[in-house]
Amino acid sequence: MPLDTSIYPLALLRLDGRRWNELRRIHAQVSVQAAADGSSYLEMGNTRVICVVLGPAEGKDKGQRGAREGEAKVGVEIAVAGFSGMERRRRVGNKRTSEMQHCLSTAFSSLLFTHLYPHSTISISIHILSQDGSLLAACLNAATLALIDAGIPMSDYLTACTVASSASSSSSDTATSDPLLDLNGLEEQELPFLTIGAVGEKVSVLMLETRVRMERVEGMLAVGVEGCKRVRAILDGVVRTYEKKFG
Amino acid sequence: MPPSQAALVSLSPAELSYLRSTLLQVPPIRLDHTKGPKDFRSMRAEYDVLPGANGSARIALEDGLEALVGVKAEVEKSQWRPTPAGRASRLSVAAGDVEMKDGDEEDDGQGKGQVSWVEMSVEIPGFRDDDALPVFLASMLTESLLSSGELKDRLYINSRFHWKLYIDILLLSPALSYPLALLSMTTHLALLTSRLPALKSEKDEDPLFDDDWDASVPLYPKEKGKGTGSKPVDRPPVIVLAMAIGQNIIFDPCKEELAVADAVLAIACSSSKTSSTGSRIISIRTIDPPSHLTPPGVPNSMNSATGGVAPASSADALTQRELLATSGVWTPPRGGMKRGLIGQVVKMVVETGGVAEEVIDALQAIEVG
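Residues numbered from 1 in each chain as written. Chains lettered and ligands numbered in written order. Predicted model: local features only at pLDDT ≥ 70, side-chain atom pairs only at ≥ 80, totals over all residues. Heavy atoms only, no water.

Chain B carries the name Ribosomal RNA-processing protein 42 in an unreviewed UniProt entry, which gives Lojkania enalia as its organism. Entered under Sequence similarities (unreviewed entry) in the UniProt record, the comment concerning chain B runs "Belongs to the RNase PH family." (UniProt positions renumbered as here; feature names shortened; annotations may be inferred.)

Chain A appears in an unreviewed UniProt entry as Ribosomal RNA-processing protein 41 from Lojkania enalia.

In structure tokens form, the structure reads like this:
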């Protein structure tokens, strides 16, 4: 169903009317929940995510109170709400969510200054309320905001976005194969894409689940890093306005 | 029903005793001393928060308890079931006696709804699906929702199809206090603002819907006309939590107050049908308060360290405790609630301008304003 790939070269406009390098509307709030140590709410287009951070605190389960000697353990739990997709489903995609959990946990273990909190656990729980593409990217961005709200020191924002290669992998003309930034659900189904998470200029998370031609990857990465920079500016703005209001 | 593990608070017997004595004052001094016995915790509520659901609502209480409800409706094929009327018409057709029926009678789904058309799930962080707390909460909420029967009849499309309503309740924060009242209020708001696409096909055709969302019909229909007062004809029920302590009745208790309660009642009520004010009771349930599990204090007279005499046997200890029940040393409350007190609670809930009417009107006002 090459819906996008057939229309795109004509007007250079995507399904929802964006150009190749435009992000969807990102709206975020921090400190949305009084009971948690840190929390955030993030909308990237129609993808909506709530993230709650508890800790650093002594872990609940015996035996895994802290992870390794002298470092905090980062536990991630992702719950996909039954009403989040087009059709209502109970317990959606266990394999997929556990992969995302692992991805977030490793990404934030290396980003946070976990050595400051030995023998403790930082638990991040994410509720996916509505999904429309760029799910992993939204989770990463929401978790970054919630961790900042919780006051856990980290070196820089970890921001993420998705990039696709617009031409299908078989076509050979490279003239119209712009990389596309920040995909929605429909585009994600059709195009090969990668999720990129960057700390400053450095790539920290990179997830590619589909086939894509070798020579396109570099362009995609360049656009992705640029997109992450813009997401960072938006998230930074959210944190700063919150600071001004309540800080 | 069993108390939830999450509702346990770590207060010492002395603290519990102090809390109880302040709540026993007339009027009671609550933990949040600015609140009277009928005051609810302040809340922030919004509806239509999810783009992909038929209805949704989110309510956050001041103490951090937060719930989100999404309502999703899907068209499902009904199983054909023989009804007495249907069978009779079939027989008469078979006998060659064809009779034309009035179309109006067949189309409203009066009494045709089924309980299985509404499915509810409650998710609470830290609990599994099949743990006692989520299962009890879900069944209590479904029970009160289906009691009137009007909701399930409204899901009827035609003899072959119906709407299946999925109500998913998420508690976004840990279960700090007993979350029943919050979940019920959030569900109420979500259902009140739910809309179903308008039906374009007629009678027993395959259902075809108007794709214009502006033309959609609310799940709980509103009265037409009368300018500002667009009150819905029927509104979903709401559950309020009331707690008795001595002769005092306190509504919407917080976690610490529940820990010293004599008895807790969950009262499901909906707006009354006959008059525009007041409300009617749908069900009442007692809830085992977490106070039954608190540890008792040891009075000086029973403590050998403070010059008392330790009781020789456990039976002895029981009798001594019985005698000391009013001495101010904390003993977990036992027994239930007096009938007079239940009557008083019910009256406070259903009377004109009572608690139930206030809650339902407040939730209605969120949608209007």
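Past the structure itself, the notes keep going.
Chemist: Would you explain the sheet that holds strand β2 (residues 55–61) of chain B in this entry?
Modeler: Residue and element names in this part refer to chain B. The sheet built from five strands is open, its strands ordered β1-β2-β3-β5-β4 with mixed pairing. Either end of the sheet is taken by a strand with one partner, and the two such strands are β1 (43–47) and β4 (118–123). Pairwise comparison of adjacent strand axes, ignoring direction, gives a mean angle of 15 degrees for this sheet. Pairing of strand β3 (residues 66–77) with strand β5 (residues 161–171) involves 11 bridges; the strand directions are antiparallel. Bridging from a neighbouring strand, E74 pairs with K164 of β5. (Pairing = 2+ DSSP bridges. Helix = DSSP H or I, 4+ residues; strand = E, 2+ residues; numbered from the N terminus. Axes fitted to C-alpha atoms, helices over the stretch in contact; angles between N-to-C directions.)

Chemist: So what exactly am I meant to see when it comes to the pattern of salt bridges here?
Modeler: Charged atoms that come close allow side chains of opposite charge to pair. Throughout the structure, instances matching the rule amount to 30 salt bridges over all chains. D182 of chain A serves as the salt-bridge partner of R18 of chain A, at 3.9 Å between the closest nitrogen and oxygen. On the criterion of sequence distance, the pair formed by R18 of chain A in the loop between α1 (3–11) and β1 (26–30) and D182 of chain A in the loop between β7 (179–181) and α4 (185–190) is long-range, its members being 164 residues apart. Look at R18 of chain A and you get buried, because its relative accessible area is 7%. Classification of D182 of chain A by relative accessible area gives buried; the value is 0%. A salt bridge links D168 of chain B to R88 of chain A; the shortest N-O distance between them is 2.9 Å. (Salt bridge = Lys/Arg side-chain N within 4 Å of Asp/Glu carboxyl O. Buried < 20%, exposed > 50% of the residue type's maximum accessible area, 1.4 Å probe, protein only.)

Chemist: Would you explain the pairing of β4 of chain B in this entry?
Modeler: Consecutive residues of a regular strand have side chains that alternate between opposite faces of the sheet. Residue and element names in this part refer to chain B. Burial of β4 is extensive: five of the six residues sit out of reach of the surface. The pairing of β4 with β5 spans six bridges and is classified as parallel. In the sheet register, E123 faces β5, and the bridge partner there is L170.

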